[in-house]
Amino acid sequence: MSHRIARTTLTALALACIATLGHAQQGKLKVGLMLPFSGTYAALGVAIENGFKLRIEEQGGKLGGREIEFVKVDDESDPAKATDNVNKLIKRDNVDVIIGTVHSGVAMAMAKAAKESGTVLIVPNAGADAVTGPMCAQNIFRSSFSNWQPAYAMGEVAGKQGKKKAMTITWKYAAGDESVAGFKEGFEKAGGKVEKQLTVPFPNVEFQALLTEIAAAKPDVVYSFFAGGGAVKFVKDYAAAGLNKTIPLVGPGFLTDGTLEAQGEAAQGMLTTLHYADGLNTPRDTAFRTAYAKSFKLQPDVYAVQGYDAAQMLAIGLAAVKGDISKKAEFAGAIEKAKIDSPRGAFTISKSHNPVQDVYLRKVEGNENKMVNIAVKGLADPARGCKL
């Protein structure tokens, strides 16, 4: 009798332990939002957060059966503060997941810390090729793009249009270098030649001498990578010099996203390439845009989509492991096998954890980047240097 009682007691204790573990595992999931909430990129950080939270609302406030607790850090788009900021989230706040960021320099520090600690990181914007190249890891994912992707697509488009000679112009920094390299690869593969690569120091916006050089060289097309205020000034200066009448100016979508109102007439008719566009008019995108506008009284943009899809990817991984994010291999495997039903159009995730996605050719009409067609279907980043 005593043996049977002992066995029963042990069984009861074991079941109690399992129940306790299960309960602990289903506690709140801590999500660190390390995004720019001040400065130049503040609106982008807000759009990403809004998109992310919208998807969680649609899931009833839970992912993988777990409620979400947010810890927010303003990264100020400052690479010098990035390591301290990300380490606070990992070591002080003990977050389970980090979502961030916009600035590629900050994202590189985040990827390094995530790789060393094993913390899950989902990058909802920064396009630094290295994040899903040499820095790739089982626990690092991106829901946006690599700098190479829209640039390569624009190169292909320009080449297929019969353009033979190109010049490029960008700020002299990593994102500009990567973008120009992508365009050059696509353009030369399609039969063109990049004859000169012009640069200005970041964040310089004095373009006059280089515009004079472009006018003298008379290329068939100019590819430009600028964003924000730099993009506004360059597009306006290019038009003021009369160059847009004879030499088409093209670029990745960031040249005209969020800048059209300020660029005004100077941007009209410009072609850009990006993984999102106005006027997709699919049921999925229309439903997303309606829900976003209702929740936030704002129109969504590419940044909101990338935040939304970061939450979709997290939800897919957590569902597969029933909320237990410590099961890294199963979590990653589920996302790698998934087809993400995005407002941008369905996409998959490559072995290096970057989206394999359609890139759209867009044309500026008024204050919209209207879809012309799909420039490249299912474009995968080459993920050079990734060893997974």
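Going by the structure above, here's the rest.
Note that the structure is a prediction, hence the values are computed from the model and not measured. Residue positions are given per chain, counted from 1 along the sequence in the order it is written. Only residues with pLDDT of at least 70 get local features here, since the model is predicted, and only at 80 or more are side-chain atom pairs given and counted; chain-wide, interface and lining totals rely on the full set of residues. Side-chain numbers here rest on the full set of heavy atoms in the structure, without hydrogens or water.

A.B. asks: Even after reading the chapter, I still don't get the pattern of salt bridges, so can you show me in this structure?
C.D. replies: Side chains that differ in sign of charge can pair as their charged atoms come close. By convention in these notes, a salt bridge is any Lys or Arg side-chain nitrogen within 4 Å of a carboxyl oxygen on Asp or Glu. Per the counting criterion, the structure on display carries 19 salt bridges. As a salt-bridge pair, K160 and E156 come within 3.4 Å of each other at their nearest N and O atoms. Here E156 and K160 lie together in helix α5 (residues 148-160), a separation of four residues that amounts to about one turn. One salt bridge connects K377 with D358, and the closest N-O pair in it is separated by 3.4 Å. With K377 in strand β15 (residues 368-379) and D358 in strand β14 (residues 355-365), this residue pair connects regions lying 19 residues apart in the sequence. Burial classes follow relative accessibility: with a 1.4 Å probe on protein chains only, a residue under 20% of its type's maximum area counts as buried, one over 50% as exposed, and anything between as partly exposed. The exposure class assigned to K377 is exposed, which follows from its relative accessible area of 61%. A relative accessible area of 17% means that D358 is categorised as buried. By sharing partners, the salt bridges in this structure join E49, K53 and K72 into a single network. To qualify as a helix, a DSSP run of H or I must reach at least 4 residues; to qualify as a strand, a run of E must reach at least 2; elements of each kind are numbered from the N terminus.

A.B. asks: Please clarify how the sheet that holds strand β2 (residues 62-63) should be interpreted in this entry.
C.D. replies: Strands pair in a sheet through their backbones, by hydrogen bonds, and they do so in one of two ways: parallel or antiparallel. Judged by pairing direction, the sheet is mixed, and its six strands sit side by side in the order β2-β3-β1-β4-β5-β6 without closing on themselves. Only two strands of the sheet have a single neighbouring strand rather than two, namely β2 and β6 (140-142). Relative to strand β5 (residues 120-123), strand β4 (residues 97-99) runs parallel, the two being bridged by three bridges. For I99, the partnering residue across the bridge sits in β5 and is I122. Whether two strands pair comes down to DSSP finding at least two bridges between them.

A.B. asks: What's the story with helix α6 (residues 174-189) in this structure? I'm lost.
C.D. replies: Note on helix geometry: an α-helix contains 3.6 residues per turn, so any two residues three or four positions apart are oriented the same way. A helix's residues, less one, multiplied by 1.5 Å, set its expected span. With 16 residues, α6 extends 23 Å from end C-alpha to end C-alpha; this agrees with the ideal 22 Å at 1.5 Å per step. Within α6 the residues assigned to the buried category are A175, G176, S179, V180, G182, F183, G186 and F187. End-on, the buried residues of α6 take up no more than an arc of 160 degrees, which puts them together on one face. Among the exposed residues of α6, those oriented more than 90 degrees off its buried face are A174 and K189. This arc is built from the directions going out from the helix axis to the C-beta atoms.

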